[in-house]
Amino acid sequence: MFTSERLRFRAFQQTDKDHILELYNDPRVSVYITHGFVVPVNAERIEHIWKMISDAVMFCMVEELETGSVVGFSVFLPVSEQKSRNSSWGVALSPSHWHKGYGEEIGKFMVDYAFRHLASHRVSLTVVDGNDRAIALYKR
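Residues numbered from 1 in each chain as written. Predicted model: local features only at pLDDT ≥ 70, side-chain atom pairs only at ≥ 80, totals over all residues. Heavy atoms only, no water.

Requested: an account of the packing of aromatic side chains, with residues and values cited.
Enumeration according to the criterion identifies eight aromatic pairs in this entry. An angle of 20° between the planes, with centres 4.1 Å apart, marks the rings of Phe9 and Phe109 as stacked. Within this pair, whereas Phe9 is found in strand β2 (residues 7-11), its partner Phe109 is found in helix α4 (residues 102-117), the two being separated by 100 residues in sequence. Between Phe12 and Phe59, the aromatic rings sit 6.1 Å apart at their centres with planes inclined by 85°, giving edge-to-face as the arrangement. (Phe/Tyr/Trp six-rings, centres within 6.5 Å; stacked < 30°, edge-to-face > 60°. Helix = DSSP H or I, 4+ residues; strand = E, 2+ residues; numbered from the N terminus.)

Quick rundown of the sheet that holds strand β6 (residues 122-124)? Include the residues and the values.
What the six strands build is an open sheet, ordered β1-β2-β3-β4-β5-β6; its pairing is mixed. Lying at the two open borders of the sheet, with one neighbouring strand each, are β1 (2-3) and β6. (Pairing = 2+ DSSP bridges.)

Explain the pairing of strand β3 (residues 58-64) to me, and be specific about the residues and the numbers.
Burial analysis of β3 places seven of its seven residues in the buried class, which makes it a mostly covered element. Neither face of β3 is left uncovered, since the one carrying Met58, Cys60, Val62 and Glu64 and the one carrying Phe59, Met61 and Glu63 both have all their residues buried. Strand direction decides the pairing type here: β2 and β3, joined by five bridges, are antiparallel. Residue Ala11 lies in a different strand from β3, and its bridge partner there is Cys60. Bridge count between β3 and strand β4 (residues 70-77): six bridges; the pairing is antiparallel. Across the sheet, Met61 pairs through a bridge with Phe73, a residue of β4. The antiparallel pairing of β3 with β4 creates a hairpin that spans five residues between the two strands, and Gly68 there sits at a positive phi of about 80°. (Buried < 20%, exposed > 50% of the residue type's maximum accessible area, 1.4 Å probe, protein only.)

Requested: an account of the environment of Glu63, with residues and values cited.
Topologically, Glu63 is positioned in strand β3. The spacing of Glu63 and Arg10 is 53 residues in sequence and 8.2 Å in space, taken between C-alpha atoms. Leave out the neighbours within four places in its chain, and Glu63 touches Arg6, Leu7, Arg8, Arg10, Gly68, Ser69, Val70 and Val71. Within the structure, the side chain of Glu63 is placed 3.0 Å from the side chain of Arg10, a separation counted as a polar contact. (Contact = heavy atoms within 4.5 Å. Polar contact = N/O pair within 3.5 Å; in protein donor to acceptor, adjacent residues only side chain to side chain.)

If you had to explain the pairing of β2 to someone new, which residues and values would you point to?
Across the five residues of β2, four count as buried, placing the element largely inside the fold. Pairing geometry for β1 and β2, over two bridges, is antiparallel. Bridging across to β2, Thr3 finds its partner in Arg8. Between β1 and β2, which pair antiparallel in sequence order, lie three residues.

I'd like a description of the nonpolar core, backed by residues and values.
Judged by nonpolar contacts, the single largest core of 18 residues is most densely connected at Ile20, Tyr24, Ile49, Met52, Phe59, Met61 and Phe73. For this core, the leading source of residues is helix α1 (residues 17-24), giving four residues. Non-local contacts of Met61, meaning those with residues more than four positions away in its chain, are made with Arg8, Phe9, Arg10, Ala11, Phe12, Asp16, His19, Ile20, Val70, Gly72 and Phe73. With 15 residues, the next largest nonpolar core counts Met58, Val62, Tyr102 and Met110 among its residues. (Core = buried A, V, L, I, M, F, W, Y, C linked by side-chain atoms within 4.5 Å.)

Just give me the short version of unusual backbone geometry, but keep the residues and values in it.
If you check the backbone angles, His99 has positive phi at about 65° while not being a glycine. Note on placement: His99 falls in the loop between β5 (86-93) and α4. On the basis of relative accessible area, His99 is assigned to the exposed category, the value being 69%. Even without a glycine there, the phi angle at Ala119 is positive, about 55°. For Ala119, the location among the structural elements is in the loop between α4 and β6.

So, in structure tokens, the structure goes:
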């Protein structure tokens, strides 16, 4: 378990499944974190998400230190050539936690972690066109 100024980064637990389903079923979030069509995801259609979690180099549930409220998740996805020492980073936040500076705080922590502890040479991410707030954040 890791912490930043206001957030805790911890391992995924089975009790987090409902939080993950909420993110993937909120069209304000799912449009930016899914490939293909935005459709409702139920427990039977979620195998690909569990595979992503289990295959991740690091998958963290992110929660507020003060309240314990789940903010979202952040992940380092596996890259095709590990020897390149590149990291592919992803993040998803619950809309109730938008506009609080958490995206920037998570980004700073994860990028620092990638370079210091995963020995990454490069951290990359993919941003969906139209996610203007994320693009502005990543340019900083």
